[in-house]
Amino acid sequence: MDALGTADVAVLGAGAIGLLSALRLRQAGLSVTLVDRGAPGQEASHAAGGILGAQMEGHEPGPLFELGLRSRELHVGLAQELRELSGIDVERQTCGMLELAFDEARRGELAQWGAWQRALGLRAEQLDAAQVQELGGPPSALAGLWFPDDGQVENRKLCEALRVACERAGVRIVRAEVERLECARGPGAGARLEEGGRLEEGGRLEAVWLRVGEEQTRLSAERAVLALGSWSSLLPGDPKALQADAVRPVRGQIIVLRPARAPFTCVMGDHLGYAIPRLDGRVLVGATVEEAGFDKRVTAQGLAQLLSSAVRLSPLLAQAPLVDHWAGLRPASRDRLPRLGPCAIEGVTVATAHYRSGILLTAITGRLVAQLVTGQPVEVDLAPFDPRRS
Ligand SMILES: Cc1cc2nc3c(=O)[nH]c(=O)nc-3n(C[C@H](O)[C@H](O)[C@H](O)COP(=O)(O)OP(=O)(O)OC[C@H]3O[C@@H](n4cnc5c(N)ncnc54)[C@H](O)[C@@H]3O)c2cc1C
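Asker: Explain the sheet that holds strand E9 (residues 172–175) here, please?
Answerer: The pairing of strands in a sheet comes from backbone hydrogen bonds and takes either a parallel or an antiparallel form. Across the sheet, which stays open at both edges, the six strands sit in the order E9-E3-E2-E15-E23-E21 with mixed pairing between neighbours. Each having just a single partner strand, E9 and strand E21 (339–342) make up the two edges of the open sheet. Recorded for the sheet is a direction-independent mean angle of 20 degrees between the axes of neighbouring strands.

Shown next, in the form of structure tokens:
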């Protein structure tokens, strides 16, 4: 393979995060090369449920909660923009999310959860058993917490729309393994990073080395976005952009049922699982949360858990045929916060570790990455998401 020449910015990883980052950077006038070893959007961004659950995933107030709310709002405009740019409807809906309580203890937890969100001015309604059933909830539920402003997007269509929009905007998409970063070292090159109690000299990005089959090729780029999902901290380099254990995979399995008629139109969940009715009539039931390394296999135990969730959330799903199942790897850091911002290598912006909310957070992440890379003021305080934290 010939050398790939130069790009203003190399975006590494074409999941939802890399795809929207690439689009936003191209829209800012930069030449962008987007690299992935597979087809775009085939890993976690393909496996996800697509819940835009800013409030449902918000278990405490704080910076991540704020980021989710901003991003949920941005998805409205993003869906419209992608329809215009790609011709694809990403099926974003404000369908609401109903969290169920099956016992008194959980009813109490939902009451507290709703109270602090309402105190922030958000809609989070306490429902009794009759109201839960009106929304299609099961007769066995004692109560519910209703988040009418949460929603969903068809994440596979989102990725496809982003890919088409990138291509039409002039992003160069290259299928290759990202092998390593090439950095200049020496005085003045990059930031100094305290790692394990000692100061390390940083570097300045000069190029990215890629591999296609047996052939290596060099892409000159002084700026890069590191969006390799669960594989982000495996990327070698000297210095490394991320510490070895900065991001690790957390497996999630999903099953798909096709009832004759979906028993509800909102996302329905409890502390063990959730069910997502798609517009085409399928109901996705997810998701396991497992430490299984990079193993993406579906297991008997995973299926058993998900089938039991399905029937608990709606007995009407018990007769529905099982039509699909899959597993994917959520990129997670130890504290479950994203890693977003500059790192030890000057020129490299990290955008990863979005864990359970990467589809939700795609919209705001693309925007923040563009601000970071182009040197504009960044609209969010990114200190809690510093990629260099342990
Ligand atoms: C079962 C499940 C359910 C989920 N449900 C939801 C949900 O309902 N709502 C929500 O908001 N989020 C959800 N998530 C989380 C969400 O899917 C992720 O946080 C998000 O997709 C991460 O996007 P990403 O672009 O960072 O990673 P990915 O989509 O994994 O993309 C990373 C890309 O990097 C590429 N790559 C990696 N290493 C290399 C290399 N060396 N060279 C070249 N390419 C490389 C991969 O091929 C991949 O395409 C779910 C995740 C799972 C697994």
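Asker: Teacher, can you tell me more about the domain arrangement of the chain here?
Answerer: Buried accessible area, meaning the area lost when the parts come together, often serves as the stated size of an interface. In terms of domains, the chain is made up of domain 1 (1–93 + 149–247 + 334–390) and domain 2 (97–148 + 248–332). Taken over C-alpha atoms, the centre of domain 1 sits 28 Å from the centre of domain 2. If you look at the interface, domain 1 gives 29 residues, while domain 2 gives 30 residues. At three residues, the largest contribution of residues to the side of domain 1 that touches domain 2 is made by helix H2 (residues 44–47). Among the residues forming the side of domain 1 that touches domain 2, the class breakdown is nine nonpolar, 12 polar and eight charged.

Asker: Can you walk me through the site of the ligand in this structure?
Answerer: The environment of the ligand is formed by 42 residues, the closest being Gly13, Gly15, Gly229, Gly252 and Gly358. Elements with a minimum of two residues in the shell around the ligand: helix H1 (16–27), strand E3 (32–36), H2, strand E10 (177–184), strand E16 (248–257), strand E20 (322–332) and helix H8 (358–374). Ranked by residues supplied to the shell around the ligand, first place goes to E20 with four residues. Among the residues forming the shell around the ligand, the class breakdown is 19 nonpolar, 17 polar and six charged. The two domains that each donate at least three residues to the shell around the ligand are domain 1 (1–93 + 149–247 + 334–390) and domain 2 (97–148 + 248–332).

Asker: Help me understand H1, please; the structure alone is not making it clear to me.
Answerer: Taking 1.5 Å of rise per residue, 12 residues should cover 16 Å, and H1 covers 16 Å from first to last C-alpha, within 8% of that figure. Within H1, 11 of the 12 residues are buried, which leaves it mostly tucked inside the rest of the structure. For H1, the complete set of buried residues consists of Ala16, Ile17, Gly18, Leu19, Leu20, Ser21, Ala22, Leu23, Arg24, Leu25 and Arg26. Gly29 sits one or two positions beyond H1 and adopts a positive phi of about 100 degrees.

Asker: It is not clear to me how the sheet that holds E16 should be interpreted in this structure. Could you clarify?
Answerer: Reading across from one edge, E6-E7-E5-E17-E18-E19-E16-E20 is the order of the eight strands in this open sheet, with mixed pairing throughout. In this open sheet, the two edge strands, each paired with only one partner strand, are strand E6 (125–128) and E20. Taken pair by pair, the neighbouring strands of this sheet meet at an average axis angle of 25 degrees, ignoring direction. Helix-sheet contacts for helix H4 (residues 104–119) involve strand E5 (97–101), E6 and strand E7 (143–147), and the interaxial angle to E7 is about 25 degrees. The strands touched by helix H7 (residues 300–313) within the sheet are E16, strand E17 (267–269), strand E18 (274–277), strand E19 (283–286) and E20, with E16 carrying the most contacts at an inclination of about 55 degrees.

Asker: Where do I start with the environment of Leu69 in this structure?
Answerer: By secondary structure assignment, the location of Leu69 is in helix H3 (residues 63–86). With 18 C-beta atoms packed within 10 Å, Leu69 lands in the partly exposed category. Considered as a pair, Leu69 and Arg223 are 154 residues apart in the sequence and their alpha carbons are 29 Å apart.

Asker: Got a minute to help me understand the nonpolar core in this structure?
Answerer: Looking at soluble globular proteins, one finds that nonpolar side chains tend to be buried together. One finds Leu12 and Leu162 to be the most contacted residues of the largest nonpolar core, which totals 115 residues. Here the element with the most residues in this core is H8; it accounts for 10 residues. A domain split of this core shows at least three residues from each of domain 1 (1–93 + 149–247 + 334–390) and domain 2 (97–148 + 248–332). Not counting the four nearest positions on each side in its chain, Leu162 is found in contact with Ala16, Leu19, Leu20, Leu23 and Leu82.

Asker: Would you take a moment to explain the confidence of the model for the chain for this structure?
Answerer: Low-pLDDT portions of the prediction should not be read for the details of their coordinates. Mean pLDDT over the chain works out to 94, with 95% of the residues at or above the 70 mark. Low pLDDT (under 50) marks residues 195–199, which in the prediction has four contacts with non-local residues, meaning those over four places away or in another chain.

Asker: Where do I start with the pairing of E3 in this structure?
Answerer: For a regular strand, the rule is simple: side chains alternate between the two faces of the sheet. Burial of E3 is extensive: five of the five residues sit out of reach of the surface. With burial as the criterion, each face of E3 is covered, one bearing Val32, Leu34 and Asp36 and the other bearing Thr33 and Val35. Sheet analysis places strand E2 (residues 9–12) next to E3, joined by four bridges and oriented parallel. Paired with Val9 across the bridge in E3 is Val32. For the crossover that starts at E2, traverses H1 and ends in the parallel E3, the hand is right-handed. Across four bridges, E3 lies against E9 in parallel orientation. Note on E9: the bridge partner recorded for Val35 is Val174.

The rules behind these values
Residues numbered from 1 in each chain as written. Predicted model: local features only at pLDDT ≥ 70, side-chain atom pairs only at ≥ 80, totals over all residues. Pairing = 2+ DSSP bridges. Helix = DSSP H or I, 4+ residues; strand = E, 2+ residues; numbered from the N terminus. Axes fitted to C-alpha atoms, helices over the stretch in contact; angles between N-to-C directions. Domains from an automatic or database assignment. Contact = placed C-beta atoms within 7 Å. Nonpolar A, V, L, I, M, F, W, Y, C, P; charged D, E, K, R; others polar. Near = placed C-beta within 6 Å. Expected span 1.5 Å × (residues − 1). Buried ≥ 20, exposed ≤ 12 C-beta atoms within 10 Å, placed from the backbone. Core = buried A, V, L, I, M, F, W, Y, C linked by C-beta atoms within 7 Å. pLDDT = per-residue confidence, 0-100. Right-handed = clockwise from strand over helix to strand, strands pointing away.

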